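# Notes for the structure review
Take a look at the letters that make up each chain.
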Protein chains: 2
Amino acid sequence: MTDAAMTDTRTYECPNFVLQCGITLPAAKLVYKTYGTLAEDKSNVILYPTSYSAQHSDIEWLIGADRILDPSRYFIIIPNMMTNGLSTSPSNTPYPLNQGRFPAITIYDNVMLQRRFLTEVFGIERLAMVYGWSMGGQQAYHWGALFPDAVDRLLITCSSARTSEHNKIFLDSIRAALTADPAWRDGWFQEQPVKGIRAMGRIYAGWAISQTFYRQQLYKSLGYATLEDFLVRFWEWTYARRDANDLYAQLGTWFNSDISANELYRGDLAKALGAIKAKVLLMPGETDLYFRPEDNELEMPHLKNAELRPIPSIWGHRAGNPSQNPEDERFIAQGVRDLLSA
Amino acid sequence: MTDAAMTDTRTYECPNFVLQCGITLPAAKLVYKTYGTLAEDKSNVILYPTSYSAQHSDIEWLIGADRILDPSRYFIIIPNMMTNGLSTSPSNTPYPLNQGRFPAITIYDNVMLQRRFLTEVFGIERLAMVYGWSMGGQQAYHWGALFPDAVDRLLITCSSARTSEHNKIFLDSIRAALTADPAWRDGWFQEQPVKGIRAMGRIYAGWAISQTFYRQQLYKSLGYATLEDFLVRFWEWTYARRDANDLYAQLGTWFNSDISANELYRGDLAKALGAIKAKVLLMPGETDLYFRPEDNELEMPHLKNAELRPIPSIWGHRAGNPSQNPEDERFIAQGVRDLLSA
């Protein structure tokens, strides 16, 4: 993240924001960045929430006239998800809600905060599209289910409406590795639990990209000399940039993601899916190991107006964030064009 | 492991056994158990090596007149792999090769020791079949490549001739989690690194069974009330039974498994595969996440006399050890019958 990328971020602050878990954030902060110009009738808004451990600067690459989201036509807003280190997070929240006492944050909480932010800051009541990958997709699903009349379209890559059990095992294994490091100290660490974070990177590496990618050693085309080089310089690096409490908190957000886990739907997933009025384009990665296309297939009968269009890719989960992968980018860009013209 | 199951194990001891890594084991121990009766002409021998972290008592369930290996016709020998806690392992080797100084053991080393054992104890020079699952399969591949004239058949479930890179990431993530526990102390622990071992169990849980198994909650049919119940009482239990140095050492054996990593083949995998004279039946699990059928497909052009027959199963890697899964057991049993009658 360069300083230059940070210059035009802004912070929305919401006093006394009550979380689903019952704890009040005295000053919930949402750091955001916008791209393009808001139309006078406010009809050109795309919300693009962040994915796991990502900050806006990690995902803004796909915004560009010739890329996936076009800022010359659309007003694109990236709201940083809480717990990502920029918006309200364990690492930046003052006593007494700091570190090991940071409360559980849900996707629901994030979307509620985003809704208030859009209304209060921009007077935006309706979104042309919510676009999201992975945890960004979870936020998109929630937008569709929680505010059915406020969202025209959802484009969701590699995600699900409710975190599946097999996905939870992956997340739980990361938490177990992260917290096995003695430096973790139940979240009250004085120094980052570096070994735990590095173990986490290695677990992630296996799950986030397909076996075929590794068999073909495609990491070499990305500038990594060996598998170990890729594991250390990409995967360990990715998470070692972040605070361990932030990483841990966001794993909890992911683990508990469920569009029906709220008073509106009370656990009735079919009802929550059925409430979505937006046009939905689901684009799972064919070789994604934790957000399986089969999990999306099971959602389809309940969605009123949805298309399932798997990305034919060996990049696994990363097919949905093709920052180094022009073929998958073209495939998703076509999906965006089709959905926005529908 | 009941005491009853142990009564008829025997130990073969080989003095001054030189390992591939250059270290000498003053007294290499191979603990074994046999089932059935050796024919006078010694033509009915099936060698059935152990899989990761398993001891003979964990895998002998499939030996029975109506099961996969029939002891009324065959003389079946289970040699416990070194580092499994029974044969020579970090946990049972005296100073100075104990704990953190235990030398690297390869599949090659194990097969060399097994060869000497069979000759010296039973005068067996030829095997009707080597049958192995996972790391047991790695030993079977090695038998075929290292002693082409001594093996008539190989039946290999869920394994590969050389550990793939994507498989290595899985193994490496386990090592990272195991060693993040402060109790590990670089192998010089005073108490088992319980948190690391439990983290390992959770990583394993996600990889060893398919996403579909978990989506269908098949663990409930095995007597586990919830996913967490399955994770704790099956997966954490499985590895918490073992010594952490043994677990760690055997991960290294797996990581480095390669039938061409020796002076015979000097890294030429195609040559090593091509040297196998045995009839080979490869039975990968269709949904296995770390031993992918695709990895076996790539071996097929180099094998002289092999059939690839994937197990149509949602049990992932465990399709190859169907102790609780009659359908996959029938499928493998048919493979054994076909191969033994060929």
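Residues numbered from 1 in each chain as written. Chains lettered and ligands numbered in written order. Predicted model: local features only at pLDDT ≥ 70, side-chain atom pairs only at ≥ 80, totals over all residues. Heavy atoms only, no water.

## Considerations on the interface of chain A and chain B
In this assembly, 32 residues from chain A lie in contact with 32 residues from chain B. Summing both partners gives a buried area of about 2800 Å² for chain A against chain B, and 66% of it is carried by carbon and sulfur. Joining chain A to chain B, the criterion identifies 4 salt bridges. The partner of aspartate 295 of chain A in a salt bridge is arginine 215 of chain B, with the nearest N and O atoms 2.6 Å apart. The interface formed by chain A and chain B holds 12 residue pairs in polar contact (both at pLDDT 80 or more) in total. Among the elements of the structure, helix H5 (165–180), helix H6 (194–208), helix H7 (211–215), helix H8 (227–240) and helix H11 (293–299) of chain A are those that each provide at least two residues to the side of chain A that touches chain B. Here the side of chain A that touches chain B gets 9 residues from one element, more than from any other, and that element is H5 of chain A. (Contact = heavy atoms within 4.5 Å. Buried area = accessible area lost by both parts, 1.4 Å probe. Salt bridge = Lys/Arg side-chain N within 4 Å of Asp/Glu carboxyl O. Polar contact = N/O pair within 3.5 Å; in protein donor to acceptor, adjacent residues only side chain to side chain. Helix = DSSP H or I, 4+ residues; strand = E, 2+ residues; numbered from the N terminus.)

## Concerning the UniProt feature "active site" (unreviewed entry) in chain A
Residue and element names in this part refer to chain A. This chain's UniProt record puts "active site" (unreviewed entry) on Ser134, Asp288 and His317. Judged by maximum C-alpha separation, these annotated positions cover 184 residues in sequence but sit close together in space, the widest gap being only 10.7 Å. Examined against the element boundaries, aspartate 288 turns out to sit in the loop between strand S7 (279–283) and H11. When its relative accessible area of 0% is taken as the criterion, aspartate 288 is described as buried. Those residues in contact with aspartate 288 that lie beyond four places of it in its chain are Cys158, Gly316 and His317. Among the structural elements, histidine 317 can be located in the loop between strand S8 (306–308) and helix H12 (326–340). Contacts of histidine 317, omitting those with residues within four sequence positions, involve Trp133, Ser134, Cys158, Ala208, Asp288, Tyr290 and Phe291. A polar contact of 2.8 Å, which involves the side chain of histidine 317, links it to the side chain of serine 134. (UniProt positions renumbered as here; feature names shortened; annotations may be inferred. Buried < 20%, exposed > 50% of the residue type's maximum accessible area, 1.4 Å probe, protein only.)

## So, the domain arrangement of chain A
Residue and element names in this part refer to chain A. Domains assigned within chain A are domain 1 (3–164 + 258–340) and domain 2 (168–251). Here the C-alpha centre of domain 2 lies 23 Å away from the C-alpha centre of domain 1. At the interface, 31 residues of domain 1 touch 33 residues of domain 2. Carbon and sulfur atoms make up 57% of the area that domain 1 and domain 2 hide from each other, which totals about 2600 Å². Summed over the shared surface of domain 1 and domain 2, the number is 2 salt bridges. The shortest N-O distance in the salt bridge between arginine 242 and aspartate 58 comes to 2.8 Å. For the pair domain 1 and domain 2, the number of links is 13 residue pairs in polar contact (both at pLDDT 80 or more). Split by residue class, the side of domain 1 that touches domain 2 holds 11 nonpolar, 17 polar and 3 charged. (Domains from an automatic or database assignment. Nonpolar A, V, L, I, M, F, W, Y, C, P; charged D, E, K, R; others polar.)

## Observations concerning the environment of valine 336 of chain B
Examined against the element boundaries, valine 336 of chain B turns out to sit in helix H12 (residues 326–340). C-alpha of valine 336 of chain B to C-alpha of tyrosine 131 of chain B: the two residues are 205 residues apart in sequence and 8.8 Å apart in space.

## Considering the pattern of salt bridges
Where charged atoms of side chains with opposite charge meet at close range, the side chains can pair. Applying the stated criterion to the full structure yields 40 salt bridges over all chains. A salt bridge links aspartate 58 of chain A to arginine 241 of chain A; the shortest N-O distance between them is 3.0 Å. Pair noted here: aspartate 58 of chain A is in helix H2 (residues 56–59) and arginine 241 of chain A is in the loop between H8 and helix H9 (244–255), with a separation of 183 residues, a long-range link. A salt bridge links aspartate 172 of chain B to arginine 175 of chain B, with the nearest nitrogen and oxygen atoms 3.3 Å apart. Here aspartate 172 of chain B and its partner arginine 175 of chain B are both found in helix H5 (residues 165–180), 3 residues apart, which amounts to about one turn of the helix. Take aspartate 172 of chain B and arginine 175 of chain B: they sit in the same class, and that class is buried. One network of salt bridges, with partners in common, ties together Asp172 and Arg175 of chain A together with Arg198, Arg202, Glu228 and Glu236 of chain B.

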